[in-house]
Amino acid sequence: MTKKEGLLVVCTNRKAYHDYFVLETFEAGLSLLGAEVKSIRQKEVSLEGAFVHIENGQAEILNMYVKPYKFNSLSEPDPTRPRRLLLNKRELRKLHAGAEIKGQTLVPLEIYFKRGWAKIKLALAKGKHNYDKREALKKKDLHREMEQGFKNSIRF
């Protein structure tokens, strides 16, 4: 989707696609402070090492780094503070049940703005083993070689 459709991708967690099999994705709102929104709009955010935790019927994202906004005149919040995720009860129950299964976890995939609101794409994911990662890399290399061979074989 493009910016015209109201979607502006700010940050993606590419390592999550390498380390996990994505089973199901969810969209959640982010509860942020004003200065954090400005920092995220400037793409000063990182999802590296971030994870989602559900407790007492509320979902929180932990270890998400948001660089403090340099023009903020108020007190600066902690850059890695827990941030509440806005989900409805049905989605929370589904995510909690999925995360309770052994080997599955909740991983943030990307942060984006949709119609002016900060959203996060969550995934219910299962961890990959080393041999799964190697197989995925082999497939990617083969696909790249096929594309290059096809591209070089067509001459006008």
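Residues numbered from 1 in each chain as written. Predicted model: local features only at pLDDT ≥ 70, side-chain atom pairs only at ≥ 80, totals over all residues. Heavy atoms only, no water.

1. Some remarks on unusual backbone geometry
Piece 1. Phi at N56 is positive, roughly 55°, even though this residue is not glycine.
Piece 2. Residue placement: N56 occurs in the loop between β4 (51-55) and β5 (58-62).
Piece 3. Residue N56 is classed as exposed on the basis of its relative accessible area, which comes to 74%.
Piece 4. In the Ramachandran plot, R115 falls in the positive-phi region, its phi being about 55° despite a non-glycine side chain.
Piece 5. Note on placement: R115 falls in the loop between β8 (104-114) and β9 (117-127).
Piece 6. For R115, a relative accessible area of 67% puts it in the exposed group. (Helix = DSSP H or I, 4+ residues; strand = E, 2+ residues; numbered from the N terminus. Buried < 20%, exposed > 50% of the residue type's maximum accessible area, 1.4 Å probe, protein only.)

2. Topic: the pattern of salt bridges
Piece 1. Under the criterion given, the structure shown has six salt bridges.
Piece 2. With a shortest N-O distance of 3.3 Å, K133 and D19 are connected by a salt bridge. Taken as a pair, K133 in helix α4 (residues 130-153) and D19 in helix α1 (residues 14-19) lie far apart in primary sequence, 114 residues in all.
Piece 3. Across the salt bridge formed by E36 and R83, the nearest N and O atoms sit 2.9 Å from each other. (Salt bridge = Lys/Arg side-chain N within 4 Å of Asp/Glu carboxyl O.)

3. Describing the pairing of strand β7 (residues 83-86)
Piece 1. Of the two faces of β7, the one holding R83 and L85 is buried and the one holding R84 and L86 is not buried anywhere.
Piece 2. Direction of pairing for strand β2 (residues 20-30) relative to β7: antiparallel, over a ladder of two bridges. Bridge pairing links L30 to L85 in β7.
Piece 3. In this structure, β5 lies alongside β7, joined through three bridges in antiparallel fashion. Within the sheet, the bridge partner assigned to E60 lies in β7 and is R84. (Pairing = 2+ DSSP bridges.)

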